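# What the coordinates show
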Amino acid sequence: MRRLIFFPAVVAVAALALAGCAQDFGHGPEGRVTEKTKDGKKFYLVVDPTKQGKEKKFRVSKYDYHDCNRGSKYPKCIDD
């Protein structure tokens, strides 16, 4: 009887743990990555959308941060 109660509880805890891992900050503006910064566990990219435009800094997941290098085109660097 305990096994019947224990198994669904384990599955529920695992599902909640996995759901908490996914972070979706949405896409920032398109452009060339000019800088990468991190503040503790927060990761940021800075892109230059146009030659005359202002650089934009926005938060990304750690996976997007590691996938995009300086000089790469955002968001293409995370779509590959």
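So, a few notes on the structure that sits alongside this text. This structure is a prediction, so every number in the text was calculated from the model and none was measured. (Residues numbered from 1 in each chain as written. Predicted model: local features only at pLDDT ≥ 70, side-chain atom pairs only at ≥ 80, totals over all residues. Heavy atoms only, no water.)

### Points about the packing of aromatic side chains
Geometry of an aromatic ring pair is reported as the spacing of the ring centres plus the angle between the planes. Cut-off, in case you're wondering: Centres within 6.5 Å are what make two rings of Phe, Tyr or Trp a pair, Trp counting through its six-membered ring; a difference in plane orientation under 30 degrees is then read as stacked, over 60 as edge-to-face, and the rest as tilted. In this description a helix means any DSSP run of H or I spanning at least four residues, a strand means any run of E spanning at least two, and both kinds are numbered starting from the N terminus. Remark: exposure states derive from per-residue accessible area (1.4 Å probe, protein chains only) relative to the maximum for the residue type, with buried under 20%, exposed over 50%, and partly exposed in between. Geometrically, a lysine NZ or arginine CZ counts as sitting over a ring once it is within 6 Å of the ring centre and also within 35 degrees of the ring normal.
Under the counting rule described, the total for this entry stands at two aromatic pairs. Relative to Tyr65, the ring of Phe43 has its centre 4.9 Å away and its plane inclined at 45 degrees; by these criteria the two rings are tilted. Highlighted residues: Phe43 in strand β2 (residues 42-48) and Tyr65 in helix α2 (residues 62-67), separated in sequence by 22 residues. Exposure remark for Phe43: the relative accessible area of 11% places this residue in the buried category. The class for Tyr65 is buried, based on a relative accessible area of 11%. Centroid distance Phe58 to Tyr74: 5.0 Å. Interplanar angle 55 degrees. Geometry classified as tilted. One end of the pair, Phe58, is in strand β3 (residues 56-60); the other, Tyr74, is in strand β4 (residues 73-74), with 16 residues separating them in the sequence. The residue whose ring lies beneath Lys36 is Tyr65, and the NZ or CZ to ring-centre distance is 4.5 Å. It is Lys57 that lies over the ring of Tyr44; its NZ or CZ is 4.8 Å from the centre.

### Here's the deal with unusual backbone geometry
The residue after Tyr74, namely Pro75, is reached through a cis peptide bond having omega 5 degrees. Assignment of secondary structure puts Pro75 in the loop between β4 and α3 (76-79).

### A short note on the pairing of strand β1 (residues 31-39)
So the rule is basically this: One bridge is not enough; two strands pair if DSSP finds at least two bridges between them.
Note that β1 and β4 share two bridges and pair antiparallel. Bridged to Arg32 within β4 is Lys73. Judged from the seven bridges that link them, β1 and β2 form a sheet pairing that is antiparallel. Across the sheet, Thr37 pairs through a bridge with Tyr44, a residue of β2. The hairpin turn running from β1 into β2, its antiparallel successor, is two residues long, and Gly40 in that turn takes a positive phi close to 70 degrees.

Nothing here speaks to function; it is all geometry.
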